[in-house]
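What the coordinates show
Here's the letter readout for the chains.
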Amino acid sequence: MDGESLYSVKWYKGRREFYRYTPKESPPMKIFPAQGVQVKRSASNESQLTLLGLSLASSGKYSCEVSADAPSFHTMIVTGDLEVCEVPKHVPSIHGMRSRYRVGDIVRGNCTSHNSRPPANLTWYINEAQANPSYIRTHKPFRERKNEFETSLAGIHFVVGNHHFVNGKLKIRCTARIHDIYLQSTERSIDEDRPRVISAASSANSNGKGVNGNAVPYDHFPPYAENELDRKDYMTLQDVTSGSSPTARPILPSPAPLTSFDQFRLPSINHLRWAFGPLTVLLLPFAHPLLSSLINRIAPPLRA
């Protein structure tokens, strides 16, 4: 007051006066209606103002005007903004992430903070460090239809590297903040999914089956080799005599002219597939009886 006496103190919300204090009047305090404003009389005077029951409607621009008494009637006015916030009732939620990732996988996820006013500011953290801005996908907040609250949404998208896993763990956190009155976080812990290496020898047995009884793919068998001599899938010839039914007999080693056909074997399906391609496998059932008939024509029948 610079030594001058006080004439009045007036408070405004926007341009509407809602509070006046004049020491020389009786009563000195006067209150006028204004939207979103409820004055607590017992806690208000010429130097302070207390409001009760704040709501979203209480937000706005407030001004305080101070006037000196006669003869100067000097007046000064100062203005400030008041924002009333509605904070979320729940912590932010993280969606779209798996519990395990491998190096080279892409992590995608969304963080959502529901029903607040103003919308919460969302921040992503990776292993306690703020995420690279290039990882973040920012979306415009959207307003709920049934009220004036807003929902914030922010996405994250990045390729997992070796440096992201610390002792096999990757921690991702989303923090929602509204000024200095609200701060909540949600964190996800992700495990490193390391690939398992299983050799073909340990996963397949002599029957071409895996440890669980499942068929082993063709690629698990080695190319044709000497150890295939122990296999029993070689060709047999038929002993056909008059008055007797055909009998399948194996070829026996002998000095007969068929020595060049001794132990003539039919390669396994896997070897034919590897050496000649799928067409040979398809033609195999037709070639077998033709080859047997040709051998019977050029050589005398074998007998036991």
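Up top you'll find the structure we're talking about.
So, here is what we can say about the structure in this document. Bear in mind that the values here come from a model prediction, so they are computed numbers and not experimental data.

Some thoughts on the pattern of salt bridges
Per the stated rule, a full pass over the model turns up 13 salt bridges. Here aspartate 191 ties to arginine 100 by a salt bridge, and the two come within 3.9 Å at their closest N and O atoms. Placement of aspartate 191 in strand E15 (residues 182-192) and of arginine 100 in strand E7 (residues 100-101) is noted, with a sequence separation of 91 residues between them. Judged by relative accessible area, which is 22%, aspartate 191 ranks as partly exposed. Judged by its relative accessible area of 39%, arginine 100 falls in the partly exposed class. Note that arginine 173 and glutamate 128 form a salt bridge whose closest N and O atoms lie 3.0 Å from each other. Taken together, the residues arginine 173 in strand E14 (residues 169-178) and glutamate 128 in the loop between strand E9 (121-126) and strand E10 (129-130) connect sequence positions 45 residues apart. What makes glutamate 128 exposed here is its relative accessible area of 51%. What you see here is one network of salt bridges that share partners, running through Arg100, Arg102, Lys169, Asp191 and Asp193.

Remarks on unusual backbone geometry
With an omega of 10 degrees, the peptide bond between alanine 70 and proline 71 qualifies as cis. Its place among the elements puts proline 71 in the loop between strand E4 (60-68) and strand E5 (75-82). Looking along the chain, the bond that leaves arginine 117 and enters proline 118 is cis, with omega of 0 degrees. For proline 118, the location among the structural elements is in the loop between strand E8 (106-116) and E9. Residue asparagine 127 is not a glycine yet carries a positive backbone phi of 50 degrees.

The rules behind each value
Residues numbered from 1 in each chain as written. Predicted model: local features only at pLDDT ≥ 70, side-chain atom pairs only at ≥ 80, totals over all residues. Heavy atoms only, no water. Salt bridge = Lys/Arg side-chain N within 4 Å of Asp/Glu carboxyl O. Helix = DSSP H or I, 4+ residues; strand = E, 2+ residues; numbered from the N terminus. Buried < 20%, exposed > 50% of the residue type's maximum accessible area, 1.4 Å probe, protein only.

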